[in-house]
Amino acid sequence: LYLVLFILVAALAGLAFTSWGQLSRVSELAGTTGAVRVPQLQRIASTELSVTRISLQIRHAILVRTPEDLRITLADIAAKRKVIEENDAQFLKELTTPAARQAFAEFTRLQSEFWPIAATNIQLIEAGRKDEAFDQLVNKTIPARNKMLVWLHDEKDRQGALLTAELSRIQADAHRTRSALLAMTAAIVVGLMGFFW
């Protein structure tokens, strides 16, 4: 009886230890995915939308007729730029690998090209030189914007691939935990049945 009790306790302890270890990994990975990967994708989407909206608002500023409409449009452009800056700060905080930080440095470089071009566009609009502002928009602002959008699209794909890989690992760990629980429970049941027989 002592021997059987010892075997049962050891088996149950092994079952508990295995389950705890595997479920802890699943929980940690799920927490990282929920706290980091999903918000990173949301920031990319928000920045992508803001970049697009800024270029559309510059075009809108060329078309408005009243100073009040121009003021509202330019205020919206400033607000969207602030959103991008906030997203950048949060996005950079969550990048842990040197490769990811280096990739983000490329986006920073693209922004350093875009913002002066956009500022020139706005200055031309404010000066009433709308034909020149439109030429600036078509020839310089939109191409600079498109480079940023390409980077954001590629980063969204990269983050999406990481999210898919993390979800696959969560699923695989959950399957392994389930299989281990079933196998060890079956072994305990068979051992008890053999003992009672």
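What counts as what
- Residues numbered from 1 in each chain as written.
- Predicted model: local features only at pLDDT ≥ 70, side-chain atom pairs only at ≥ 80, totals over all residues.
- Heavy atoms only, no water.
- Helix = DSSP H or I, 4+ residues; strand = E, 2+ residues; numbered from the N terminus.
- Buried < 20%, exposed > 50% of the residue type's maximum accessible area, 1.4 Å probe, protein only.
- Axes fitted to C-alpha atoms, helices over the stretch in contact; angles between N-to-C directions.
- Parallel < 35°, antiparallel > 145°, perpendicular 65-115°, else oblique.
- Left-handed = near helix turned anticlockwise from the far one by under 90°.
- Contact = heavy atoms within 4.5 Å.
- Nonpolar A, V, L, I, M, F, W, Y, C, P; charged D, E, K, R; others polar.
- pLDDT = per-residue confidence, 0-100.
- Patch = residues over 30% accessible without salt bridge, like charges linked within 9 Å, V, L, I, M, F, W, Y side chains within 5 Å.
- Areas by Shrake-Rupley, 256 points an atom, 1.4 Å probe, with all protein chains shown as cover.
- Salt bridge = Lys/Arg side-chain N within 4 Å of Asp/Glu carboxyl O.

**Considering the overall build of the chain**
Helix and strand counts for the chain come out as four helices and zero strands. Each helix and strand of the chain, placed in order from N terminus to C terminus, yields the pattern α-α-α-α. Overall size of the chain, expressed as C-alpha extent along the three principal axes, is 95 × 30 × 20 Å. Sorting the 197 residues of the chain into buried and exposed places 34% on the buried side.

**Points about the packing of helix 1 (residues 2-63) against helix 3 (residues 98-126)**
The N-to-C vectors of helix 1 and helix 3 enclose an angle of 20°; their axes lie 10 Å apart at closest approach. Overall, the two elements helix 1 and helix 3 adopt an arrangement that is roughly parallel. For the crossing formed where helix 1 meets helix 3, the hand is left-handed. Here T47, I54, I58, A61 and I62 of helix 1 lie close against helix 3, whose contacting residues are F107, F114, W115, A118, N121 and I125. For the contact of helix 1 with helix 3, the per-class residue count stands at nine nonpolar, two polar and no charged.

**Remarks on the packing of helix 1 against helix 4 (residues 130-196)**
Running from N to C, helix 1 and helix 4 point in directions that differ by 170°, and their axes come no closer than 8 Å. What the angle tells us is that helix 1 and helix 4 run roughly antiparallel. Like other packed secondary-structure pairs, helix 1 and helix 4 cross with a definite hand, here left-handed. Partitioned by chemical class, the residues of the contact of helix 1 with helix 4 number 33 nonpolar, 15 polar and 12 charged.

**Let's talk about the side chain of Q111**
Note on placement: Q111 falls in helix 3. Residue classification places Q111 among the buried positions, given a relative accessible area of 7%. Among residues more than four places away in sequence, those in contact with Q111 are I84, D88, P116 and M148.

**Description of the confidence of the model for the chain**
Note that predicted coordinates carrying low pLDDT should not be read in detail. Per-residue confidence for the chain gives a mean pLDDT of 89; residues scoring 70 or more make up 100%. The least confident element of the chain, judged by mean pLDDT, is helix 1 at 87; the most confident is helix 2 (residues 67-93) at 95.

**Things to note about a nonpolar patch on the surface**
A surface patch of nonpolar side chains, amounting to about 400 Å² of accessible area, comprises L1, F195 and F196. Here F195 is to be found in helix 4.

**As for the environment of T52**
For T52, the location among the structural elements is in helix 1. On the accessibility criterion, T52 (26% relative accessible area) is partly exposed. Each C-alpha atom, one on T52 and one on D173, is 40 Å from the other, the two residues being 121 residues apart in sequence. Once residues lying within four places of it in the same chain are set aside, the contact partners of T52 are R145 and L149.

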